[in-house]
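Remarks on the overall topology
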Amino acid sequence: MAAVFTDLHAQSGLKSLEDFLSGKTYISGDVISKDDVKVFGAVPTKPGSEFPNASRWYDSISAVLASRFPGKAVGVKFGAAGAAPAAEPAKEAADDDDDLDLFGDETEEDKKAAAEREAAKASSSKKKESGKSSVLMDIKPWDDETDMKKLEESVRSVEMPGLLWGASKLVPVGYGIKKLQIMMTIVDDLVSVDTLIEERLTVEPCNEYIQSCDIVAFNKI
């Protein structure tokens with residue numbers, strides 16, 4: 001059965017709306033409907049604190065309408081100053097669904113605008129790509145009898161997300177001993193060079209060939 005409201009511009013009418021909304025969120029059912037929009041259009045201003053149910057309902061409908069019409073409002077007035085709005089014209093305007101259908105099918109412009117808003121939101125919330133660094137490292141063997149080929153193989157066998165091994169060369173350090181000098185590129189948020197050295201390169205099985213590691217150069221890309 002349809003709800004009936006009268007004189008919503010007066011205290012008595014707001015009282016009837018207040019009583020009707022007791023225990024309810026919306027005029028008809030659990031979701032906003034055209035009934036809410038019609039009644040909202042007949043309420044000239046937000047009900048005062050003496051009508052908590054009606055005030056809460058008014059705020060809910062106002063928020064939904066504001067999201068549908070994002071343009072900035074500057075305010076409008078109707079009729080003579082101090083005059084109460086006539087009940088019947090308000091009712092006729094509320095009943096005219098053909099003039100204003102807030103819940104009808106979306107136009108192509110509406111769909112395009114919604115898609116643009118979603119794309120902008122996704123773009124703004126997308127995590128920025130982490131920075132990268134180029135690192136040059138010296139890796140020293142235990143002695144001149146260390147198999148440097150196997151040493152390099154053990155180094156390159158270390159795989160981590162965000163780690164890419166690059167060019168390498170053997171550099172003499174004296175007494176027949178050579179060190180491996182190797183480049184690598186890392187994603188800063190994923191790879192810690194200190195952790196790479198302490199937990200991967202200088203522990204088993206790599207420490208069979210590697211005595212120590214030193215960072216020669218560390219440059220942001």
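To start, this report covers the structure provided alongside it. (Residues numbered from 1 in each chain as written. Predicted model: local features only at pLDDT ≥ 70, side-chain atom pairs only at ≥ 80, totals over all residues. Heavy atoms only, no water.)

Structural notes on unusual backbone geometry
At the junction of E204 and P205, the peptide bond is cis and its omega measures out at 0° in the coordinates. Phi is positive for D7, close to 50°, though the residue is something other than glycine. Within the secondary structure, D7 is located in the segment before α1 (11-20). Backbone geometry places Y175, a non-glycine residue, at a positive phi of 60°. Tracing the backbone through its elements, the reader meets Y175 in the loop between β2 (163-174) and β3 (177-187). Judged by relative accessible area, which is 83%, Y175 ranks as exposed. (Helix = DSSP H or I, 4+ residues; strand = E, 2+ residues; numbered from the N terminus. Buried < 20%, exposed > 50% of the residue type's maximum accessible area, 1.4 Å probe, protein only.)

Examining the packing of helix α2 (residues 34-42) against helix α3 (residues 52-68)
Relative to each other, α2 and α3 sit at 105°, their axes nearing to 10 Å. Accordingly, the angle class assigned to the pair α2 and α3 is roughly perpendicular. In contact with D36, V39 and F40 of α2, α3 contributes W57, Y58, I61, S62 and L65. Considering only residue class, the contact of α2 with α3 consists of six nonpolar, one polar and one charged. (Axes fitted to C-alpha atoms, helices over the stretch in contact; angles between N-to-C directions. Parallel < 35°, antiparallel > 145°, perpendicular 65-115°, else oblique. Contact = heavy atoms within 4.5 Å. Nonpolar A, V, L, I, M, F, W, Y, C, P; charged D, E, K, R; others polar.)

Concerning the side chain of D138
Mapped onto the secondary structure, D138 falls in strand β1 (residues 132-141). A distance of 2.9 Å separates polar atoms of two side chains, one belonging to D138 and the other to Q181. With residues up to four places along the chain from it excluded, the contact list for D138 reads K179, L180, Q181, S212, C213, D214 and V216. (Polar contact = N/O pair within 3.5 Å; in protein donor to acceptor, adjacent residues only side chain to side chain.)

Here we look at helix α6 (residues 148-156)
Turn by turn, an α-helix covers 3.6 residues, leaving residues three or four places apart pointing in a common direction. Within α6, the full set of buried residues consists of M148, L151, S154 and V155. Across the axial projection of α6, the buried residues extend over an arc of 115°, all falling on one side. Those residues of α6 that are buried are in contact with β1, β2, β3, α7 (193-201) and β4 (210-220). (Arc of directions from axis to C-beta.)

Notes on the pattern of salt bridges
The tally for this structure, following the rule as stated, stands at six salt bridges. Of the charged contacts, one joins D19 and K15 as a salt bridge, the two residues approaching to 2.9 Å between their closest N and O atoms. In this pair, D19 and K15 are both assigned in helix α1, four residues apart and thus about one turn of the helix distant. K220 serves as the salt-bridge partner of D188, at 3.0 Å between the closest nitrogen and oxygen. Remark: K220 occurs in strand β4 and D188 occurs in the loop between β3 and α7; sequence separation between them is 32 residues. (Salt bridge = Lys/Arg side-chain N within 4 Å of Asp/Glu carboxyl O.)

Thoughts on α1
Looking at α1, one finds that the buried residues are G13, L14, L17 and E18. The buried residues of α1 all sit within an arc of 145° when viewed along its axis, so they share a single face. Residues of α1 that are buried make contact with α2 and α3.

Structural notes on the nonpolar core
One finds M137, I139, V155, L163, W165, M184 and L201 to be the most contacted residues of the largest nonpolar core, which totals 23 residues. Discounting chain neighbours no more than four positions away, the residues touching I139 are L151, V155, K179, L180, I182, I210, S212 and C213. With 15 residues, the next largest nonpolar core counts I27, V39, A54 and Y58 among its residues. (Core = buried A, V, L, I, M, F, W, Y, C linked by side-chain atoms within 4.5 Å.)

Let's talk about the pairing of β3
Bridge analysis of β1 against β3 gives eight bridges, and the strand direction is antiparallel. Across the sheet, the residue bridging to S133 is I186, located in β3. In terms of strand pairing, β2 meets β3 through nine bridges, oriented antiparallel. Bridge pairing in β3 places L163 opposite I186. Between the antiparallel neighbours β2 and β3 lie two residues, among them Y175 with a positive phi of about 60°. (Pairing = 2+ DSSP bridges.)

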